[in-house]
Amino acid sequence: MSFFSSPLDSPSFRLALLAGLSKNMLGAGSKNELLDLIENALSVPAPGGDQGVLEGLARLYRDQVDHVGSVFDQVDRVGRKGLPEVWVGDTSVLASDVVNAAGRSVNQMSEAFRGCATVLLTLADAIGAAQRKDEQGRGQLLEQKKTLGGKDGFFDDLHENDEEEWDRANAAHFGSYAVDLMHAAVSEAQEATRIAARDLNKWAAEARAGKMVTSELTAVDKLMLADTGVAGAETELNEILTADDLVRASTRMDLLGLDDEMALQRMLATSDSPQERAYLMKSLAAGHSVAEIGKFQDKIHGKDPDWLRRHLTPVVTAADGMNDEGLAPDGSNNNKDDVTFDGQRWVQGGNGSEGTCVASSTVTSRAMVDPLYALELTGGPDGQQDDPNAFKQRLVAEQHRLHTEGDGGENWGGMGPEGQERINDTAVGSATGSDYERQDLNSAADRRAVLTEVEKSVTQGRPVPVDVSGKDGAHAMTIIAQEGDKLQVYNPWGLTTWVSEDDFINGHMGKASKSELPNAYSVYLPR
C-alpha cells in the first residue's frame, strides 16, 4: 500500500496530460515518438467508481421512502385532530407547532431519501457512461498501436517511405481522436462527481434536527429550533439557525456550567415566540456568553416576529428570487432583491458612493451570522430604534472601522488581500469558528474545482467572499447560499441576486454587479 498520492490521482492533472498528448500525437515526427505517446496515454488511469455499488446505495435510499411515508401519515392524522393549547419540551413549545414541524421534518426526510437516491443513480449512470467512453478510446489506441507494429531500430527510424508516413499520420489522427474520448470521459466523470457531491452536501445540511446532539434539550426542542424560519418568508430558504449554527450551539451548550445552563434554559422557556428562541440559540452559536445573551433577550423579548426579522436578519431570500427575468442594460440580472432596514439599504458608504466593498461585505456577513451584532447596527445601543438615518450612520461607521482595520486605501477606497482575509477572520470567522484562506482562481478549471467547497460552506451557513474583476477594476461581494446549480450573491451595493454555476465558472459574474466585472479571480474559504 502506498501512502503517497500520485499526480494522476487528480482529474485536473489527467485532463491536462491527455489534452497535451492528443495535441502532440498530431505533431509526432516519427513512428517511435507516436508509440511513446500512445503508451503514455494508455498509462493514464480510467475514471474510477463502481456503477453497481452506486446503484445498490440508491436502492437502499429509495427503499426508505415508503417507511418515512407511513410515519408522515401518522403525524398528519395527529395534526388533523386539532390539539389543545398544550405546552411541551423544556422550552415550552406549543404542541400544535411541534406536530406541524414534525410533519415538515418527515416530509423533508422523505424528500432527502428520494433526492439522494436520484443523485446516486444519476452518478452511477454518468460513471458507467464515462467508463465506456474511456474503454472505447483505449480500444482505439491499442488498435493504432497494433497497426504501427513494434518500434523501429536506429537506422529504420532515420528514413520513412511514403507508405510508412501515411500509416503514421493515419495512426496519429485516430490516436488523437481516441485520446480525446479518454479526455471527455475524465471530464464527464469529474463533473458528475462534483454535481453529486454538491447535491449530497446539500441534503446532508438539510438533515437539521439531528445536528443538535446536546443532551440539554429535548427532541421536541431540537426539532422546533431546527424548523424555525424568519417571519413572512419561505422557511426552507430562511431558517434562522443554519446547519453550522445548530452544531456550534449544541457544542457550546454542552460546555456551559450549571448556572449558565439553567439561565439559558430559563431564557428559552420564557421566550414569546419560536423566532425569539431561535435567535437566542443563534447568539450562542456566534460565541456570545450567557450574560451577553441575557442582555440581548431583554432588548428583543416580546417583540413580534416581523420586528425580529427586520432587526436581526439582514438578508431574507424571496421564493421567486431564482427566476430568470433577463438582463438589465448594465449586464446585471433584472431579478434582484434589495437588502434594507426600514428602507435604508445595507450599502457601502450608506449610499454607494464609497469604495469600501470589502469592509461592507464583511459587515453584512457578520450581521447574517450574529444577531447581537445585527441589532447593534439596526437598533442602536438600546436595541429599540427604528430609525433608518441612525442605522445608516452606524452602518457607515462600522464599515469605516473594518476598512481601517484591514489597512484599506485612502478616501475609503480598496483593500488588499491580506487585509480582506484578516477582517473576515476577526469579524466573521470569530463568530463561525472559521479561519478564512484566500484561494486564487486563474482559470475556469480553478473555478470549477473550488465550487464544491464553496457550495458546502454556504450550505452550512458560512459566507464565502468572492472578488471579481474586469475592465472597470475590481469589486468584492459574498456568496451566501446555494440551491441546485445556483449561487446567491450579496453585493454591497445593497442587493442580492442569483447566478448559475456556469456564470461563476465561465466569466459571467457581471450578472451580480455589471458587465464590466465578469471574472471571479479569488475566493476566501472558511476552514
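Going by the structure above, here's the rest.
Note that the coordinates shown come from a computational prediction; the quantities given were computed from them, not determined experimentally.

1. Examining empty space enclosed by the protein
Okay, step 1: Evaluation of the coordinates by the stated rule reveals two cavities of 30 Å³ or more.
Okay, step 2: Of the pockets and cavities examined, the second largest cavity occupies roughly 40 Å³.
Okay, step 3: As for the second largest cavity, its lining consists of V358, S361, T362, S365, Q420, N424, P465, M477 and T478.
Okay, step 4: For the lining of the second largest cavity, the elements supplying multiple residues, two or more each, are α12 (357–369), α15 (417–432) and β8 (473–483).
Okay, step 5: Top contributing element to the lining of the second largest cavity by residue count: α12, with four residues.
Okay, step 6: Counted by class, the lining of the second largest cavity contains three nonpolar, six polar and no charged residues.

2. Some remarks on helix α9 (residues 274–285)
Okay, step 1: For α9, which comprises twelve residues, the first-to-last C-alpha distance of 17 Å matches the rise-based estimate of 16 Å (1.5 Å per residue) to within 8%.
Okay, step 2: The buried count for α9 comes to eleven of twelve residues, which makes it a mostly enclosed element.
Okay, step 3: Within α9 the residues assigned to the buried category are Q275, E276, R277, A278, Y279, L280, M281, K282, S283, L284 and A285.
Okay, step 4: Among the residues trailing α9, G287 stands out with phi positive, at a value near 95 degrees.

3. A closer look at a nonpolar patch on the surface
Okay, step 1: Together, V53, L57, L60 and Y61 give the surface a local cluster of nonpolar side chains, amounting to about 340 Å² of exposed area.
Okay, step 2: Turning to its location among the elements, V53 is positioned in helix α3 (residues 51–81).

4. Topic: the side chain of E501
Okay, step 1: Considering the arrangement of structural elements, one finds E501 in helix α17 (residues 501–505).
Okay, step 2: Relative accessible area serves as the criterion here: at 6%, E501 is assigned to the buried category.
Okay, step 3: A distance of 2.8 Å separates the side chain of E501 from the side chain of R194, its partner in a polar contact.
Okay, step 4: Setting aside chain neighbours within four positions, we find E501 in contact with R194, R198, L451, E455, G484 and D485.

5. Here's the deal with the pattern of salt bridges
Okay, step 1: Tallying each qualifying case throughout the model produces 27 salt bridges.
Okay, step 2: Between R366 and D370 there is a salt bridge; the shortest N-O distance is 2.9 Å.
Okay, step 3: Take D370: its relative accessible area is 0%, and that puts it in the buried class.
Okay, step 4: The shortest N-O distance in the salt bridge between R438 and D440 comes to 2.7 Å.
Okay, step 5: Owing to a relative accessible area of 41%, D440 belongs among the partly exposed residues under this scheme.

6. Quick notes on α15
Every α-helix carries 3.6 residues per turn, so stepping three or four residues along brings you back to the same face.
Okay, step 1: Its maximal kink placed at D425, α15 deviates by approximately 40 degrees.
Okay, step 2: Among the residues of α15, G419, Q420, I423, N424, A427, V428, G429, A431 and T432 are the ones counted as buried.
Okay, step 3: One or two positions beyond α15, positive phi appears at G433, with a value near 75 degrees.

7. Structural notes on the sheet that holds strand β11 (residues 519–526)
To summarise the sheet geometry, strands pair through backbone hydrogen bonds and adopt either a parallel or an antiparallel arrangement.
Okay, step 1: Read across the open sheet, the seven strands follow the order β3-β10-β9-β8-β7-β11-β6; overall the sheet is antiparallel. In the strand order of this sheet, the two ends are held by β3 (337–338) and β6 (436–440), each with one partner.
Okay, step 2: Here strand β9 (residues 486–491) runs beside strand β10 (residues 495–500); their pairing, made up of six bridges, is antiparallel. By the bridge assignment for β10, N491 is matched with L495.

8. Overview of the pairing of β11
Okay, step 1: Most of β11 sits inside the fold, with six of its eight residues counted as buried.
Okay, step 2: With five bridges joining them, β6 and β11 adopt antiparallel strand pairing. Bridging across to β11, E437 finds its partner in L525.
Okay, step 3: The pairing of strand β7 (residues 464–470) with β11 spans four bridges and is classified as antiparallel. When the bridges of β11 are listed, D467 appears paired with S522.

9. Re the pairing of β9
Okay, step 1: Burial within β9 is extensive, with five of its six residues counted as buried.
Okay, step 2: When β8 meets β9, the two strands line up antiparallel, connected through five bridges. Across the sheet, E483 pairs through a bridge with K486, a residue of β9.
Okay, step 3: Two successive antiparallel strands, β8 and β9, enclose a turn made up of two residues, where G484 displays a positive phi of approximately 60 degrees.
Okay, step 4: Counting the residues that bridge the hairpin from β9 to β10 gives three residues, and of these G494 lies at a positive phi of roughly 95 degrees.

10. A few points about unusual backbone geometry
Okay, step 1: Although it is not a glycine, D342 sits at a positive phi angle of roughly 50 degrees.
Okay, step 2: Residue placement: D342 occurs in the loop between β4 (340–341) and β5 (344–345).
Okay, step 3: We classify D342 as partly exposed; its relative accessible area is 32%.

Procedures and definitions
Residues numbered from 1 in each chain as written. Predicted model: local features only at pLDDT ≥ 70, side-chain atom pairs only at ≥ 80, totals over all residues. Heavy atoms only, no water. 1 Å grid on protein atoms, 1.4 Å probe; cavity = no way out; pocket = protein on both sides within 12 Å on 5 of 7 lines; lining within 4 Å. Points joined across faces, edges and corners; volume = space filled by probe spheres on them. Helix = DSSP H or I, 4+ residues; strand = E, 2+ residues; numbered from the N terminus. Nonpolar A, V, L, I, M, F, W, Y, C, P; charged D, E, K, R; others polar. Expected span 1.5 Å × (residues − 1). Buried < 20%, exposed > 50% of the residue type's maximum accessible area, 1.4 Å probe, protein only. Patch = residues over 30% accessible without salt bridge, like charges linked within 9 Å, V, L, I, M, F, W, Y side chains within 5 Å. Areas by Shrake-Rupley, 256 points an atom, 1.4 Å probe, with all protein chains shown as cover. Salt bridge = Lys/Arg side-chain N within 4 Å of Asp/Glu carboxyl O. Polar contact = N/O pair within 3.5 Å; in protein donor to acceptor, adjacent residues only side chain to side chain. Contact = heavy atoms within 4.5 Å. Bend = angle between axes of the 7 residues up to and from the residue. Pairing = 2+ DSSP bridges.

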